[in-house]
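The residues making up each chain are set out below.
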Amino acid sequence: SPMSFTVTLSSASASAVSVNYSTSNGTAVAPGDYTSTSGTLTIPAGNTAGTIAVPIINDTLAESSETFTVNLSSPVNATIADGQGLGTILDNDSISTILINETFPETPDSVELYNPGSSAVDMTGWRLMTYISTGTLENNYQFPNGFSIPAKSYVVIEEYGDPSNNTSSKLYLGTNINWVSSGAVALTDGVNGVDFMRFGSSSVSPPSGTSWSGNNPTLASNANSIARDSNSTDTDDGSDWCEQTPSLGARNSNCDKTNIDVKLGSNLVGSYTLASGEEKRISYDLSGGPVIVESKDLTKIVAAIRLQSMPSGTLLDYNETIGIPEGLLSTKYYFPVYENKWAPLNSQIRFAHLGSGSKKIKVTIGGEVVWNDYVAQGTEKRLFFDKSGGPVIVESDDGVTKIIAAIRLQGMQDGVLNHYSETMGIPVEHLSHKYYFPVYENKWAPLNSQIRFAHLGTGSKKIKVTIGGEVVWYDYVAQSTEKRLSFEVSGGPVIVEADDGVTKIIAAIRLQSMQGGTLLDYNESMGIPEGLLSTKYYFPVYENKWAPLNSQIRFAHLGSGSKKIKVTIGREVVWYDYVAQGTEKRLFFDKSGGPVIVESDDGVTKIIAAIRLQGMSSGILNHYSETPSIPFEYLDDRYYFPVYENKWAPLNSQVRFGVP
């Protein structure tokens, strides 16, 4: 229910009085405790008071009273004597002092505990008991003397590991938990039960002091967790729990459907509701930016924009650009090359200002500043330069304002749009000396592939290119210059790296198709910096049920030994097999759906993954592109793109998003 704040005039006015208002966090924080609210309050002539309503969130957590403020500004026909009101949210919840919050029944099997209270809880003498599917007690773990969980904090208890490496947020059992799809967990204070949960087919009884009712939650994919609904009370019922993307050590998602908004500039253009394992594809008759796709309850999602050209029923181009998650937004982005001196190609640098106020944004190509001007907040720019070179840097001039940047590549012939793609830049914080790609293909006649990179450091440094374990290029590159190299090779993984292991570079693969002197396709796929490598990657959609399109999931095993890799589409495991170290796979599935997850089964081995999109007609390669993915660690609740264009007739643009 809302909390009301009354704004009072010292006396009635002959004219209407208005004042702006906005909320500010104190110990209460939006959106978890209350809904951030702003607007203009108008008190009609002759009246002496008006009311501001701020919605309060009933989060069901036991916690101390929390405060926030409502601030007044910009009065009209009045002055402000007291411009701040204090709101106090009183706690109305009463639940266990410590909650079992999440179980992850896959290597390393783990249990997460959460302290929702307002003070630390000493767990000396407490015990955590795990039961396997048969109901047998497997672990009866006693917490270390003096161990406590601070208020509003998590601790993860993980199988295996050395207890001497325990930290305040992670404890190691030193033994195994043999969970698969069923099990149970009990937490006691050494005498009485504190909390309990079970999942799958387990029929273990809860300890004295706790209870359990309802149907057990189940697990469809052992890549996921059984987690407590972030909006639930602790009812000791199976309905409190559901299968979720693992979030050990962080806030869970809710078990209901996720509300997702799509915004263009400051305008809301669509709101949608998706369940876990569902995806959405939607088009708007709009042109502008920036584009923001966000879940409203902090649930992690993945988002992309699909760009397509299909005149007269022939699919000429089809590619996807994955959005930049909020956690990877930056003030500065890099690309290896900008090419706009070659007649068949039209290249455009695109960026959007995501901060406040009017700020200067600068574009540098090959060390030359080609643009440096003001951009209004919440707007986008699309710029052309008669240049060929690199590296390319797009940055906010103050080094503080967050932006989003891409290069759009386009080719038209006789009024027909042959190709149109966008390549996102690499944020400065994640520049690396080493980049990875799953595959390089240049042995197939219709395709021309080129590895591109730029040296961002100082001095002349050696850069090495390795494809499928073979070094194919190893030479010096001058500082602030770029290289474009082709090799008659097919294989992977591909590694482009500075030989000294220190010098920062930027790398991409350019994919091109020309037929009879006509440029049919030209796009670039950025490499994944070493610091963003993961064991698990996400895409919003896989489409291979539509005849004009040929889609292939590609991945490479970057670790040692033979390891299992798993591919999941829309919660269905479609591939699960061993892959030899240092090799790549290219797989097709007769599927349409999403989200898509590609992961190493052990949760440890690093891999690299992409989706290749291809269209051929009468033996001619019309388009061929690769879409990089989002690493698990950077899956986010909000994604950004600089531009959405669907008002131009030759182009069909679609916003796509999925809930893993």
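See the structure printed just above.
The sections below set out a description of the structure shown in this document.

Thresholds applied
- Residues numbered from 1 in each chain as written.
- Predicted model: local features only at pLDDT ≥ 70, side-chain atom pairs only at ≥ 80, totals over all residues.
- Heavy atoms only, no water.
- Pairing = 2+ DSSP bridges.
- Helix = DSSP H or I, 4+ residues; strand = E, 2+ residues; numbered from the N terminus.
- Axes fitted to C-alpha atoms, helices over the stretch in contact; angles between N-to-C directions.
- Buried < 20%, exposed > 50% of the residue type's maximum accessible area, 1.4 Å probe, protein only.
- Core = buried A, V, L, I, M, F, W, Y, C linked by side-chain atoms within 4.5 Å.
- Contact = heavy atoms within 4.5 Å.

**Some points on the sheet that holds strand β6 (residues 84–89)**
An order of β3-β2-β5-β6 is seen for the 4 strands of this open sheet, with the pairing classed as antiparallel. Two strands lie at the open edges of the sheet, namely β3 (38–43) and β6, each paired on one side alone. Adjacent strand axes in the sheet meet at a mean angle of 30 degrees when their direction is disregarded. Looking at chain direction, strand β2 (residues 17–25) and β3 are connected through 6 bridges and run antiparallel. The residue bridging asparagine 20 from the neighbouring strand is threonine 40, located in β3.

**Brief notes about unusual backbone geometry**
Excluding glycine, a negative phi dihedral is what most residues carry, and trans is how most peptide bonds are arranged. A cis amide bond links glycine 289 to the next residue, proline 290, at an omega of 0 degrees. Its place among the elements puts proline 290 in the loop between β22 (287–288) and β23 (291–295). With an omega of 0 degrees, the peptide bond between glycine 390 and proline 391 qualifies as cis. For tyrosine 160, which is not glycine, the phi dihedral falls at a positive 60 degrees. You can see tyrosine 160 is positioned in the loop between β13 (153–158) and β14 (170–172). What makes tyrosine 160 partly exposed here is its relative accessible area of 42%. The phi dihedral of aspartate 414 is positive, around 55 degrees, even though this residue is not glycine. One can find aspartate 414 in the loop between β35 (403–413) and β36 (416–424).

**Thoughts on the nonpolar core**
Counting 88 residues, the largest nonpolar core has Val293, Ile349, Phe351, Val394, Ile553, Phe555 and Val598 as its most contacted members. Here the element with the most residues in this core is β35; it accounts for 6 residues. Discounting residues that sit within four places of it in the chain, isoleucine 349 has contacts with Tyr338, Val363, Ile365, Lys381, Arg382, Leu383, Phe385, Val392, Val394, Ala406 and Ile407. Counting 33 residues, the second-largest nonpolar core is a separate cluster that includes Trp126, Val155, Val185 and Met197.

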